[in-house]
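Fold and geometry: a report
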Amino acid sequence: MEERPKKIIFSVVIPTRNRPQLFKMALDSVLSQEFDSYEIIVVNDGSTKEFLEGYNSIKSKHGSDGKVRFYELIHRPLGHGQSYSMNYGVSMASGKYVCFLDDDDYWTDPQHLSRASKSILNSSKEVDVYYTNQSAYYSDGSRKEQDVWIEDLRDQISDKTADNQGSCLVDIPFLLKSKGFAHLNCTIIKKDLYQVIGGMDENIRYECDRDFYIRTIDNAAVIFYNPAVVSKHNIPDVKKKDNMSTLVSFAEKLIYQMRVYDKGISLSNNRLIIDHCTTGKMYILKKMAEGFYNQEKFKEGLIYSRQALGMRFTLKWLLFTSYLYFKCLTGMSK
C-alpha cells in the first residue's frame, strides 16, 4: 500500500437504496483499491425497513474506521433519486476530486485510483475531469460486446501523446467522435467544477449522466482519457423494478432524452456540442414518430415527424412524413 498523504484526493460517492448485498460488493471494490488517499461517502436513499438490517451490518463493520462515512436520507416511497443522492454526497465530500459508483456495479481494477492520481498530480495543468472505460454484462452473466459508452475512443488515440499511466489529454472534438458518453462509474471530476456546473440535474430521471457529461465537457478546460477498463456495469434486468432504467417507460425515456438535448442546445457554449445535441434531438424525434406510427397513432407521429424533418431535411423522411399526413387526412389514426 502507498503511504497515506495528508490530504484526501478522491471522494467516492456511492448512492444506494434497498440493495445491501449488491452495495457491499461495490463498497468492497473501492476498499480494494491499492491507494489510500480517498474516502467513501455512502448515501442511503431512504431504504425500506426490510433492508435496514443488511445496511446496519455493513455500517457496523466500516462506520468507525474513518474511511467510510454513511449518510441516511429520510424515507420516501420512491426515494429522492440518484441525482439528489449524488449531489448530497458531493456536498459532504472533502476530496479535491469526486468519483462515483452505482451500488449494483463495482470497480474491477484495484489500481484505478492510483493510476488516476499519478496522471492528475503529475499533469502540468490542473486536470478538470478524468475518464476511463468499463465493461457491461447482462443479467445472465454474458458480456455485451457492442460499445456502450466511450470505449470506441480507445482505437482513436494513436495520435495522442500518453503519459506513463496511459492517460491522454483530449478535447471536445475528440470526445464527440464517440457514439456514447462517459458513465459515472468511469468519471472523476474536480469538486469545484462539479459545483460550478450545478452537479446532477435532479429533474431528469433517465440519462441524467448524459446531461452531466455534456455540461462537464462544455465547461472543462483540461480533460484526460485513459482507455483502461476499470469497472463492471450490470445492465438492469427489465423484469425488475429496482433501477431507474426499468422504472421509466419507453416514451418517458425519449422525453427525458429530448430534455437533455434541449438543454445542450440552449445552454452549451461550444458550437460542436450544440451541433451534437441538435443531431441527437433529431434522432429522438424520429424515434418518437416511429413509435407512434407503430401504435397507429398517426396524428401524434406526424407532430414529431414534422419537427424532425424541420431539423434535417431528407427525401426519405419527407416521404415518411407525407405518409403520416395522408393517414391523418383519411382518418386512419386511432
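Within an unreviewed UniProt entry, the label attached to the protein reads Glycosyltransferase, and the organism entered is Vibrio ziniensis.

The helix and strand tally for the protein stands at 12 helices and nine strands. For the protein, whose C-alpha radius of gyration is 22 Å, the value lies close to the compact-globule estimate of 20 Å for 334 residues. Long-range contacts, defined as pairs at least 24 residues apart, comprise 77% of the intrachain contacts of the protein with a sequence gap of at least 6. Side-chain charges in the protein split into 45 positive and 42 negative, and the spacing between the mean points of these groups amounts to 5 Å.

Right, let's talk about the packing of helix α11 (residues 298-311) against helix α12 (residues 315-329) for a bit. At their nearest, the axes of α11 and α12 sit 9 Å apart, and the two run at 150° to each other. Classed by the angle they form, the pair α11 and α12 counts as roughly antiparallel. Note on packing geometry: the crossing formed by α11 with α12 is left-handed. For the pair formed by α11 and α12, the contact residues are F298, K299, G301, L302, S305, R306, A308 and L309 on the first element and W317, L318, F320, T321, L324, Y325, K327 and C328 on the second. Tallied by class, residues from the contact of α11 with α12 come to 10 nonpolar, three polar and three charged.

Next up on the list: the packing of aromatic side chains. For the structure on display, the rule yields 15 aromatic pairs. A ring pair is formed by F10 and Y97, whose centres lie 6.3 Å apart and whose planes are at 55°; its orientation type is tilted. Taken together, the residues F10 in strand β1 (residues 10-16) and Y97 in strand β4 (residues 97-100) connect sequence positions 87 residues apart. Judged by its relative accessible area of 3%, Y97 falls in the buried class. With 6.1 Å between their ring centres and 65° between their planes, Y293 and Y323 make a pair best called edge-to-face. In this pair, Y293 is assigned in helix α10 (residues 271-294) and Y323 in helix α12, connecting sequence segments 30 residues apart. Residue classification places Y323 among the partly exposed positions, given a relative accessible area of 34%.

Among the 10 residues in helix α4 (residues 112-121), eight count as buried, and that is most of the element. If you check which residues of α4 are buried, you get H112, L113, S114, R115, A116, S117, S119 and I120.

So, about the pattern of salt bridges. Scanning the entire structure with this criterion turns up 18 salt bridges. A salt bridge links R69 to E39; the nearest nitrogen and oxygen atoms lie 2.7 Å apart. Here the residue R69 occupies a position in strand β3 (residues 68-72), and E39 occupies one in strand β2 (residues 38-44), the gap between them amounting to 30 residues. Note on R69: relative accessible area 25%, which makes it partly exposed.

The next thing to look at is the domain arrangement of the protein. Each assigned domain of the protein is listed here: domain 1 (10-241) and domain 2 (258-330). Look at where the C-alpha atoms of domain 1 and domain 2 centre, and you get two points 32 Å apart. With 14 residues of domain 1 at the contact, the number on the domain 2 side is 13 residues. In this assembly, domain 1 packs against domain 2 so that about 1100 Å² is buried in total across both faces, 63% of it on carbon and sulfur atoms. Contact with domain 2 buries area across many residues of domain 1, yet L176, I214 and D218 alone supply 46% of it, more than any other trio. Put simply, domain 1 and domain 2 have three salt bridges between them. If you look at where domain 1 meets domain 2, you find six residue pairs in polar contact (both at pLDDT 80 or more). Elements with a minimum of two residues in the side of domain 1 that touches domain 2: α5 (172-175) and α7 (208-219). Ranked by residue count, the leading element in the side of domain 1 that touches domain 2 is α7, at seven residues. Residue composition of the side of domain 1 that touches domain 2, by class: six nonpolar, two polar and six charged.

Rules behind the numbers
Residues numbered from 1 in each chain as written. Predicted model: local features only at pLDDT ≥ 70, side-chain atom pairs only at ≥ 80, totals over all residues. Heavy atoms only, no water. Helix = DSSP H or I, 4+ residues; strand = E, 2+ residues; numbered from the N terminus. Rg over C-alpha atoms; globule rule 2.2 N^0.38 Å. Contact = heavy atoms within 4.5 Å. Lys, Arg positive; Asp, Glu negative; His and termini not counted. Charge placed at Lys NZ, Arg CZ, Asp CG, Glu CD. Axes fitted to C-alpha atoms, helices over the stretch in contact; angles between N-to-C directions. Parallel < 35°, antiparallel > 145°, perpendicular 65-115°, else oblique. Left-handed = near helix turned anticlockwise from the far one by under 90°. Nonpolar A, V, L, I, M, F, W, Y, C, P; charged D, E, K, R; others polar. Phe/Tyr/Trp six-rings, centres within 6.5 Å; stacked < 30°, edge-to-face > 60°. Buried < 20%, exposed > 50% of the residue type's maximum accessible area, 1.4 Å probe, protein only. Salt bridge = Lys/Arg side-chain N within 4 Å of Asp/Glu carboxyl O. Domains from an automatic or database assignment. Buried area = accessible area lost by both parts, 1.4 Å probe. Polar contact = N/O pair within 3.5 Å; in protein donor to acceptor, adjacent residues only side chain to side chain.

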